[in-house]
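# Understanding the architecture of this molecule
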Amino acid sequence: MKTLLIIPPFTQLNSPYASLPFLKGTLNKFNKEADLLDLSIETASKLFLKKSLISLAEKFSKNNDLKNNDIVKFFLNSKEQYIDIIDDIMDFLRDKNNDIAEKILSGNYLPLGKTVSSALDKNEFNIPLEEYAKYLASLFIDDIFIFYRELSPGYELSKYQEKLGLNAGTFDKIYKYVNGSEDIITETMYSILDEITLNDYQLIGISIPFPGNLAAGLKTAKYIKSKFPQIKIVLGGGYINTELRNLSEPRIFEFVDFITLDDGEQPLLSIIDLLENKITENELCRTFVLNSNKVTYIDNAYISTISGKDLGIPSYEGLPLDKYFSIVESINPMYKLWSVRNMNKLRLAQGCYWHKCKFCDTSLPYINKFKMMPIDILIEQIKEMIQQTNVQSFHFVDEAIPPSLAIELSIRLLQEKIDIEWWGNIRLEKEFTEDACKLLSLSGCIAVVAGLESGSDVTLKAMNKGINLEQAVEVCYNFSSNDILVHTYLIYGFPGESEQELINSVEASRQMLEAEIVDSAYWHRFSLTCHSDVYRNKENYKISILNDNINPFANNDVRYIDLANKNIDNYSSGLKKATYNFMLNSCLDNDIRSWFEFKAPKPTLKRNTVENVLNNYSIEVSLKKRLLWLGDKVNFENSILSVNGIDGLVEFELPDALGTWLEEIISSANIENDKFILSDAEKSFPKDMEISFVDILNNELWEDLNIAGLILI
């Protein structure tokens, strides 16, 4: 039998979302035939075409209710300009037409819509002109999306009708919408589905990673069912896994036949086995079905989750990689990474190795069931994915990449001379030393995303983050000093967090951005979920739960009141404005309190806290650490130690005994021999030297060799 896997509008438009390639890779491994349809990029690609804008203008002209709308009037007055250049702009954002960058920068090529006219001045920032042109072109697309939103108010570039999926305790509004009238987005979706021979498929899987996919996903399912009622449809994905674990609403099964939880590979294979009459319905895995108008969950927990080599290699076969396009809405170099075209997605490990943060969904398997992928399999996957896509950029989509795995993977990438660039989520662990980060950088690491969450040690302890501010500062420095971009996520409103601690956290973030050890930051409002430790132990926190009933549909976000601090939401606007300016290196000397339109407490965190941490930062040397040489050949001859380091040739004039010893240990510590221990070097240290082994480690010579690529990990 044949399966079609679909991701509905709208997810990221720059690159395929990970779920479809991951699922197809496993189905391939089990010899199950499957095709992929990214309905998100296909729909967006149709909307941003010359003929689509012509059609949009016609719809506006015929709509008397919208004719006097200022946004619509601007589009109709500028429609010829939009229509004339839209195809060229889209090619430019797909890296197919870089010649028009100069036109875009001319100042009169793009219509001055609401978003384009608010663009930051290129003269204030040191970025390449082509990148600035991409930024302006992206704002041009933003303006067109604003026009479409007049006909489809729930439309945003990376989500669609998100409000319907958020906090949807009941199915009523969603059900009404799915059975209601169509808009320009759904009409476009259906036109794409009509171009596919859907009758070839016996099973269609629809991935719902976010609330902004749910409405379109169910509309897709309803449309397919209306045309081909014999096709079975299954829902899965991140939204389903977190929101629908207590599902009892039968009406959703008017559109779908199965709803699966957690890692989708095994449930999907079980459903295929069912449709092939190899098992009975009672043998399904982690799947909701409808029996006698009652929602039934079939668990069969004894069936283990597929992992390791059996997951298969993520497959991008059939996805239109030429259609994905960059939307660069910020000049921040870190933010740009979320917009890079066609970045391969790969998971190094399942789950989170820490899984202790109080705010996180630690009761769910995707967090608490941790297992690392074997290095050999990861290397095989990376090679195969490069061959598949001809793309050498990777986004590792782990909850948090374990330091040990990052180090071992980096060594293997260098050993096998696999030239990639990569980035992913990390915890600010002390194991990410400056030397380890040097290794990661040389292997292709260009950025990390870190859940700092707070700059207050009091709040970090309450969250059980397992780090403190001093450690976070040091680790951020380790990455940034090796030219690895650092983005930090921050949380405000954690239960019990005082306004004083929040202000201290803002001050810490300001100092880290000022010190340029962090490149970007983003504040999230704390959200209480029913899967977190805070909820499970709510009596330990000063919160009042407003509704603790189990909903028939979605159950994730929990409404509550923070009894200790009811004013925390007042900080939202000021946090965003302050951080936005700090990232632009602007207003860094302003009093933190000036960002808030009310009386906020003065920071008790000293303004030189981060500076003091960096000035007093010292590295502890352990003889148990591995000594690793990242450079090329080393030679000692005629009292000269010639070292071909990572930045070129370096020479040192040395006594014969010391030079001979260094040549020996550096050669022994080459990248192919990654098990050479510093204590081994100590054992071979010349006995008759006037300087001790410990003195050598604290000598300027050792520091220079370290810069050249002699590291301890």
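These remarks concern the structure in this document. (Residues numbered from 1 in each chain as written. Predicted model: local features only at pLDDT ≥ 70, side-chain atom pairs only at ≥ 80, totals over all residues. Heavy atoms only, no water.)

Here we take up the overall build of the chain. Counting its secondary structure elements, the chain contains 27 helices and 24 strands. In summary, the chain has a C-alpha radius of gyration of 28 Å against a globular reference of 27 Å for 713 residues, a match within 12%. Overall, the C-alpha framework of the chain stretches about 90 × 60 × 60 Å when taken along its three principal axes. Expressed as a percentage of its 713 residues, the buried residues of the chain come to 56%. Of the contacts made within the chain by residues no fewer than 6 positions apart, 75% connect residues no fewer than 24 positions apart. Averaging the coordinates of the 72 positive side-chain charges in the chain and doing the same for the 102 negative ones gives two points 8 Å apart. (Helix = DSSP H or I, 4+ residues; strand = E, 2+ residues; numbered from the N terminus. Rg over C-alpha atoms; globule rule 2.2 N^0.38 Å. Buried < 20%, exposed > 50% of the residue type's maximum accessible area, 1.4 Å probe, protein only. Contact = heavy atoms within 4.5 Å. Lys, Arg positive; Asp, Glu negative; His and termini not counted. Charge placed at Lys NZ, Arg CZ, Asp CG, Glu CD.)

This next bit is on unusual backbone geometry. For the bond from proline 9 to phenylalanine 10, the omega torsion is -10°, close enough to zero to count as cis. One non-glycine residue, asparagine 277, lies in positive phi territory at about 60°. In this structure, asparagine 464 takes a positive phi of about 60° despite not being glycine. Relative to the elements of secondary structure, asparagine 464 occurs in the loop between α18 (457-463) and α19 (469-480).

As a further point, take the side chain of asparagine 213. For asparagine 213, the position within the fold is in helix α10 (residues 211-227). In this structure the side chain of asparagine 213 is engaged in a polar contact, spanning 3.0 Å, whose partner is the backbone oxygen of proline 8. A distance of 3.3 Å separates the side chain of asparagine 213 from the backbone oxygen of phenylalanine 10, its partner in a polar contact. Among all residues touching asparagine 213, those that are not within four sequence positions of it are Pro8, Pro9, Phe10, Thr11 and Ile208. (Polar contact = N/O pair within 3.5 Å; in protein donor to acceptor, adjacent residues only side chain to side chain.)

Right, let's get into the packing of helix α15 (residues 375-389) against helix α16 (residues 403-415). At a closest axis distance of 10 Å, the pairing of α15 and α16 adopts a crossing angle of 55°. With respect to α16, the axis of α15 lies oblique. Seen from above, α15 lies across α16 with right-handed handedness. Every residue of α16 that contacts α15 at Ile375, Asp376, Leu378, Ile379 and Ile382 is listed here: Leu405, Glu408, Leu409, Arg412 and Leu413. When the residues that make up the contact of α15 with α16 are grouped by side-chain class, the tally is seven nonpolar, no polar and three charged. (Axes fitted to C-alpha atoms, helices over the stretch in contact; angles between N-to-C directions. Parallel < 35°, antiparallel > 145°, perpendicular 65-115°, else oblique. Left-handed = near helix turned anticlockwise from the far one by under 90°. Nonpolar A, V, L, I, M, F, W, Y, C, P; charged D, E, K, R; others polar.)

Looking now at the nonpolar core. Ranked by internal contacts, the top residues of the largest apolar core, which has 191 residues, are Phe48, Ile89 and Phe553. At 13 residues, helix α6 (residues 129-151) tops the list of elements feeding residues into this core. Other than its neighbours up to four places away in sequence, phenylalanine 48 contacts Ile86, Asp87, Met90, Ile141, Ile144, Phe145, Tyr155, Leu157 and Phe325. Counting residues in each nonpolar core, the second largest holds 28 residues, with Val634, Val643, Phe652 and Ile665 among its members. (Core = buried A, V, L, I, M, F, W, Y, C linked by side-chain atoms within 4.5 Å.)

Here the focus is the packing of aromatic side chains. Considering all chains together, one arrives at 39 aromatic pairs under this definition. Seen from their ring centres, phenylalanine 171 and phenylalanine 553 are 4.8 Å apart, and the 40° between their planes marks the pair as tilted. Residue phenylalanine 171 is located in the loop between α7 (162-165) and α8 (172-178), and its partner phenylalanine 553 is located in the loop between β18 (543-545) and β19 (560-562); the two are separated by 382 residues in the primary sequence. Measuring from ring centre to ring centre gives 6.0 Å for phenylalanine 494 and tyrosine 541, while their planes differ by 90°; the resulting arrangement is edge-to-face. One end of the pair, phenylalanine 494, is in the loop between β16 (485-492) and α20 (499-514); the other, tyrosine 541, is in the loop between α21 (533-536) and β18, with 47 residues separating them in the sequence. Overall, phenylalanine 494 belongs to the buried group, its relative accessible area being 1%. (Phe/Tyr/Trp six-rings, centres within 6.5 Å; stacked < 30°, edge-to-face > 60°.)

Let us look at the sheet that holds β16. Overall, parallel pairing links the six strands, which are arranged β10-β13-β14-β15-β16-β17 in an open sheet. Single-partner strands in this sheet number two, and they are β10 (344-346) and β17 (520-525). Geometrically, the sheet is characterised by an average inter-axis angle of 20° between neighbouring strands, direction not taken into account. Where strand β15 (residues 445-453) lies against β16, six bridges are found, and the strand directions are parallel. The residue of β16 that forms the bridge with valine 448 is valine 486. Here α19 sits on the sheet in contact with β14 (421-426), β15 and β16, set at roughly 150° to β16. (Pairing = 2+ DSSP bridges.)

Next up on the list: the pairing of strand β21 (residues 634-637). With burial as the criterion, only one face of β21 is covered, namely that bearing Val634 and Phe636; the residues Asn635 and Glu637 on the opposite face remain uncovered. The sheet contact formed by β21 and strand β22 (residues 640-645) spans four bridges and is antiparallel. Following the sheet pairing, phenylalanine 636 is matched in β22 by leucine 641. In this structure, the hairpin formed by β21 and β22 is closed by a connection of two residues, where asparagine 638 is found at a positive phi of approximately 55°.

The next thing to look at is the sheet that holds strand β9 (residues 294-298). Across the sheet, which stays open at both edges, the seven strands sit in the order β2-β1-β5-β6-β7-β8-β9 with mixed pairing between neighbours. Where the open sheet ends on each side, the last strands, each with one partner, are β2 (33-38) and β9. Taking the axes of each pair of neighbouring strands and ignoring which way they run, one obtains an average angle of 25° across the sheet. For strand β1 (residues 2-7) and β2, the ladder comprises six bridges, and the chain directions are parallel. Counterpart to isoleucine 6 in the pairing with β2 is leucine 37. Docked against the sheet, helix α2 (residues 39-47) engages β1 and β2, running at close to 35° with respect to β2.

On to helix α3 (residues 50-62), then. The terminal C-alpha atoms of α3 lie 19 Å apart, and with 13 residues this matches the ideal 18 Å at 1.5 Å per residue to within 8%. Within the span of α3, buried status applies to Ser52, Leu53, Leu56, Ala57 and Phe60. Summarising the axial view, the buried residues of α3 lie within an arc of 145°, below the 170-degree limit, and thus occupy one face. Exposed and oriented more than 90 degrees from the buried face of α3 are Lys51 and Lys62. (Expected span 1.5 Å × (residues − 1). Arc of directions from axis to C-beta.)

Scanning the model with the defined rule gives zero disulfides in all. Looking at cysteine 445, it has no disulfide partner, and the nearest cysteine sulfur is the one in cysteine 437, 7.6 Å off. Taking the relative accessible area as the measure of exposure, cysteine 445 reaches 3% and is therefore buried. A disulfide-free cysteine, cysteine 476 has its sulfur positioned 9.6 Å from the sulfur of cysteine 437, the nearest such atom. (Disulfide = S-S within 2.5 Å.)

Look at α3 against helix α4 (residues 70-93): their axes get within 9 Å of each other, and the N-to-C directions meet at 165°. On the basis of their axis angle, the class for α3 and α4 is roughly antiparallel. Of the two elements, α3 crosses α4, and the hand of that crossing is left-handed. Taken together, the residues of α4 that come into contact with α3 (itself represented by Lys50, Leu53, Ile54, Leu56, Ala57, Phe60 and Ser61) are Val72, Phe75, Leu76, Lys79, Tyr82, Ile83, Asp84, Ile86 and Asp87. Looking at side-chain class alone, the contact of α3 with α4 contains eleven nonpolar, one polar and four charged residues.

What follows deals with α2. Counting buried positions over the nine residues of α2 gives eight, a clear majority of the element. Turning to α2, its buried residues are Leu39, Ser40, Ile41, Glu42, Thr43, Ala44, Ser45 and Leu47. Its side-chain oxygen 3.0 Å from the backbone nitrogen of serine 40, aspartate 38 forms the N-cap of α2.

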